[in-house]
Amino acid sequence: MDYVCIATLNHFDSHRISIVLEKNKIDFFFKSPYESSLQSGWMVPGSSFNEKLLFVDQSQSKKTQKLLEKYIIDWS
């Protein structure tokens, strides 16, 4: 599978979004740029500690974007 990054999310929203994606059977994973910076040996991480990158299967990216738009509007 080819994964693409479709969003940068707040750490605290990632749990709610993962529930939505799992419910809709979308393959995804989160990556923390902060943790990646620390593991790479950067003294000052290149990102905020609470941001996460959302990666989804490329074939499901359009569906994911539509779902997230709907749920983000509903959360507002």
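Our subject is the structure listed above.
Structure report, in brief. Here the structure is a predicted model, which is why all the values come from computation and not from measurement.

Before going further, it helps to examine the sheet that holds strand E2 (residues 28-31). Taken together, three strands build an open sheet; the order of strands is E1-E3-E2 and the sheet is antiparallel. Of all strands in the sheet, those with a lone pairing partner are strand E1 (3-10) and E2, marking the two edges. Between one strand and the next, the sheet's axes are offset by a mean angle of 30 degrees, whatever the strand orientation. With four bridges joining them, E2 and strand E3 (residues 51-57) adopt antiparallel strand pairing. Looking across to E3, one finds that Phe28 is bridged to Val56. Of the strands in this sheet, E1, E2 and E3 touch helix H1 (residues 11-23), which is tilted by about 135 degrees from E1.

A surface patch of nonpolar side chains, amounting to about 320 Å² of accessible area, comprises Met1, Tyr3 and Phe29. Looking at the secondary structure, you find Tyr3 in strand E1.

Okay, H1 next. Residues separated by three or four positions in an α-helix point in the same direction, a consequence of the helix having 3.6 residues per turn. End to end, H1 covers 19 Å across 13 residues, agreeing with the expected 18 Å (1.5 Å per residue, within 8%). If you check which residues of H1 are buried, you get Ser14, Ile17, Ser18, Val20 and Leu21. The distance from a side-chain oxygen at the start of H1 to the backbone nitrogen of Phe12 is 2.7 Å, and the residue carrying that oxygen is Asn10. Of the residues flanking the end of H1, it is Lys25, one or two places downstream, whose phi is positive at about 55 degrees.

Moving on: the packing of aromatic side chains. Scanning all chains against the criterion turns up three aromatic pairs. Taking the centre distance of 5.2 Å and the plane angle of 65 degrees together, the rings of Tyr3 and Phe29 count as edge-to-face. Of this pair, Tyr3 sits in strand E1 while Phe29 is found in strand E2, placing the two residues 26 residues apart along the sequence. Overall, the relative accessible area of 32% leaves Tyr3 in the partly exposed class. Judged by relative accessible area, Phe29 falls into the partly exposed class, the value being 37%. Here Phe28 and Phe30 contribute two aromatic rings whose centre-to-centre distance is 5.6 Å and whose plane-to-plane angle is 75 degrees, an arrangement assigned as edge-to-face. One aromatic cluster is present, formed by Tyr3, Phe29 and Phe55 through successive ring pairs.

The rules behind these values
Residues numbered from 1 in each chain as written. Predicted model: local features only at pLDDT ≥ 70, side-chain atom pairs only at ≥ 80, totals over all residues. Heavy atoms only, no water. Pairing = 2+ DSSP bridges. Helix = DSSP H or I, 4+ residues; strand = E, 2+ residues; numbered from the N terminus. Axes fitted to C-alpha atoms, helices over the stretch in contact; angles between N-to-C directions. Contact = heavy atoms within 4.5 Å. Patch = residues over 30% accessible without salt bridge, like charges linked within 9 Å, V, L, I, M, F, W, Y side chains within 5 Å. Areas by Shrake-Rupley, 256 points an atom, 1.4 Å probe, with all protein chains shown as cover. Salt bridge = Lys/Arg side-chain N within 4 Å of Asp/Glu carboxyl O. Expected span 1.5 Å × (residues − 1). Buried < 20%, exposed > 50% of the residue type's maximum accessible area, 1.4 Å probe, protein only. Polar contact = N/O pair within 3.5 Å; in protein donor to acceptor, adjacent residues only side chain to side chain. Phe/Tyr/Trp six-rings, centres within 6.5 Å; stacked < 30°, edge-to-face > 60°.

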